[in-house]
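Coordinate analysis (summary)
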Amino acid sequence: MASIRDIAREANVSPGTVSRVLNNDPTLSVASATRERIHEVATRMQYQKVSRKNKTIQIITYASRAKEMSDPYYREIRLAIEAETTRLNLSLKRTIRIDGNSGDVDFDKVEKAGAIIVVGNFSEEAIVELKAHNNNIVVINNPNTPKSIDAVYSDLHYAMTKLLNEIEKLKLKQVAYIGGNHTVRNLTGAAKLYNTDPRFEAYKLWCETHQVENIAIMSGWEQEDGKSAIQHFIENDKLPDVLVAGNDMVAIGMLQQLQSENIRIPDEVKLVSFNDLEIIQYTVPSVSSVHIPVDEFGRTAVRMAEERINKTRKIAIHVVVEAQLIERTTFKTSE
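Here the structure is a predicted model, which means the values were calculated and not measured. (Residues numbered from 1 in each chain as written. Predicted model: local features only at pLDDT ≥ 70, side-chain atom pairs only at ≥ 80, totals over all residues. Heavy atoms only, no water.)

**Remarks on the overall build of the protein chain**
- A count of helices and strands for the protein chain gives 12 helices and 15 strands.
- For the protein chain, the C-alpha radius of gyration of 27 Å lies well beyond 20 Å, the compact-globule estimate for 335 residues.
- Counting only C-alpha atoms, the protein chain reaches 95 × 40 × 35 Å along its principal axes.
- Sorting the 335 residues of the protein chain into buried and exposed places 47% on the buried side.
- Considering only intrachain contacts with a sequence separation of at least 6, the fraction spanning at least 24 residues in the protein chain is 67%.
- By element, 47% of the accessible surface of the protein chain is carried by carbon and sulfur atoms, the whole surface being about 17,100 Å².
- Taking the 42 positively charged and 45 negatively charged side chains of the protein chain as two groups, their mean positions are separated by 10 Å. (Helix = DSSP H or I, 4+ residues; strand = E, 2+ residues; numbered from the N terminus. Rg over C-alpha atoms; globule rule 2.2 N^0.38 Å. Buried < 20%, exposed > 50% of the residue type's maximum accessible area, 1.4 Å probe, protein only. Contact = heavy atoms within 4.5 Å. Areas by Shrake-Rupley, 256 points an atom, 1.4 Å probe, with all protein chains shown as cover. Lys, Arg positive; Asp, Glu negative; His and termini not counted. Charge placed at Lys NZ, Arg CZ, Asp CG, Glu CD.)

**Observations concerning the sheet that holds strand β12 (residues 270-275)**
- Ordered in space as β10-β7-β11-β12-β13-β15, the six strands form an open sheet in which the pairing is mixed. On the outer flanks of this sheet lie β10 (215-218) and β15 (324-326), each paired with one strand and no other. In this sheet, neighbouring strand axes are inclined to one another by 20° on average, regardless of whether the strands run parallel or antiparallel.
- Pairing geometry for strand β13 (residues 288-291) and β15, over three bridges, is antiparallel. Each bridged residue has a counterpart across the sheet, and for S289 the counterpart in β15 is I326.
- Against the sheet, helix α9 (residues 198-210) touches β7 (175-179), β10 and β12, its axis set at about 160° to β7.
- Along the sheet, helix α11 (residues 248-260) makes contact with β7, β11 (242-245), β12 and β13, crossing β12 at roughly 155°. (Pairing = 2+ DSSP bridges. Axes fitted to C-alpha atoms, helices over the stretch in contact; angles between N-to-C directions.)

**Looking at the pattern of salt bridges**
- The tally for this structure, following the rule as stated, stands at 25 salt bridges.
- One salt bridge in this structure joins R313 and D150, with 2.9 Å as the shortest N-O distance. In this pair, R313 sits in the loop between α12 (294-310) and β14 (318-320) while D150 sits in strand β6 (residues 150-153), placing the two residues 163 residues apart along the sequence. Exposure class is identical for R313 and D150. Each is buried.
- Ionic pairing is found between E166 and K169, a salt bridge with its closest N-O pair at 3.5 Å. Here K169 and E166 lie together in helix α8 (residues 156-169), a separation of three residues that amounts to about one turn.
- With relative accessibility at 22%, the residue E166 sits in the partly exposed group.
- Here the residues in one salt-bridge network are E84, R87, D295, E296, R299 and R303, joined through shared partners. (Salt bridge = Lys/Arg side-chain N within 4 Å of Asp/Glu carboxyl O.)

**Considerations on the packing of helix α1 (residues 4-11) against helix α2 (residues 15-22)**
- Taken N-terminus to C-terminus, the directions of α1 and α2 make an angle of 110°; their axes are 8 Å apart at the nearest point. Classed by the angle they form, the pair α1 and α2 counts as roughly perpendicular. Mapping the contact onto sequence places I4, R5, I7 and A8 in α1 and P15, V18, S19 and L22 in α2.
- Classifying every residue of the contact of α1 with α2 gives six nonpolar, one polar and one charged. (Parallel < 35°, antiparallel > 145°, perpendicular 65-115°, else oblique. Nonpolar A, V, L, I, M, F, W, Y, C, P; charged D, E, K, R; others polar.)

**Notes on the packing of aromatic side chains**
- Counted under the stated rule, the structure contains four aromatic pairs.
- For the pair Y73 and Y74, a centre-to-centre distance of 5.0 Å together with 85° between the ring planes defines the contact as edge-to-face.
- On the basis of relative accessibility, which here comes to 15%, the residue Y73 falls in the buried class.
- Following the ring pairs from residue to residue traces out a cluster consisting of Y177, F200 and Y203.
- The cationic tip of R185 hangs over the ring face of Y62; the distance from NZ or CZ to the ring centre is 5.0 Å.
- One Lys or Arg, R199, reaches over the ring of F274 and ends 5.9 Å from the middle of that ring. (Phe/Tyr/Trp six-rings, centres within 6.5 Å; stacked < 30°, edge-to-face > 60°. Lys NZ or Arg CZ within 6 Å of the ring centre and 35° of its normal.)

**A look at the pairing of strand β5 (residues 137-140)**
- Judged by which residues are buried, β5 turns out to be covered on both faces: I137 and V139 on one side and V138 and I140 on the other are all buried.
- By the bridge criterion, four bridges tie strand β4 (residues 115-119) to β5 in an arrangement that is parallel. Its bridge partner lying in β5, V118 is registered against V139.
- You can see the chain leave β4, run along helix α7 (residues 124-133) and come back into β5, and the turn it takes is right-handed.
- Relative to β6, β5 runs parallel, the two sharing three bridges. (Right-handed = clockwise from strand over helix to strand, strands pointing away.)

**Some words on the nonpolar core**
- By size, the foremost hydrophobic cluster in this structure holds 87 residues, and its most contacted members are I140, L163, I167, I178, L243 and V244.
- The element contributing the most residues to this core is α12, with seven residues.
- Each residue touching L163, except ones within four places of it in the same chain, is listed here: V244, V272, F274, V290, L325 and F331.
- Grouped together as the second largest cluster of nonpolar side chains are 10 residues, A11, V18, L22 and A42 included. (Core = buried A, V, L, I, M, F, W, Y, C linked by side-chain atoms within 4.5 Å.)

Encoded structure:
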């Protein structure tokens, strides 16, 4: 392939002049005949302009700045993304937040990014619309992402089923699930209730299959929701054998309420959670939790985005990252 220097030699001008002419530099003063000669030589020598790679990544999330600072889930994903972009010599643009308080999405910024990483449970329509503005898109932790769009997530339905099967091996019959419903957001930030949480769906199916009582409380995802669930069980004198929390904050609330009621864990009731964020590792007693590798979500998403930027992969892929049970004091699969 012809180079700038090859064209300069043939057109009898400097390489700098060739570069500025081919890049349509408006500040260059050169005779029209010279300009035409350079274009003629470039065409004849089949010169192809090498485009500079856009190595910027744009995060799009529905977490507000305050939510991202206070919620370990979003914070750990961001830290993983930041570390991996630095390692791969990419750069991060200022985060676009679709939290209902930040105005309309600036699609010009979306289009100018080398790739976008979407964090949060956005609707399928929202994801498709974002892809229309930037084809290099990766979605984190949304299994409902269309198969034509890159995504990285864990199979929580499988992880819950596997956990419940381990509980069954211990001959523990009464298992309660405490969690909440999810919401999906559109590109205005408006939220819509979304009932099909995969952990709860797996729990319901398991109860039906094994003909055991469905003891679920779907009150929410906060610490107070865990406390109120324990109060409900005690008031009704119906504390189950095992408590499964939909996330770590619910588990912490349950743990605190159980301790305030002088209920011994794991002797009187066992407790296991989902997420396994850093905060859960230092409770007393230490809480067993299904580790959802959010740090790996962030790292993998950046690598997938880089492949799109470098055009080393053209087909969409979904990466399913294993979720593993981390056993601690409150629940163990073997006594």
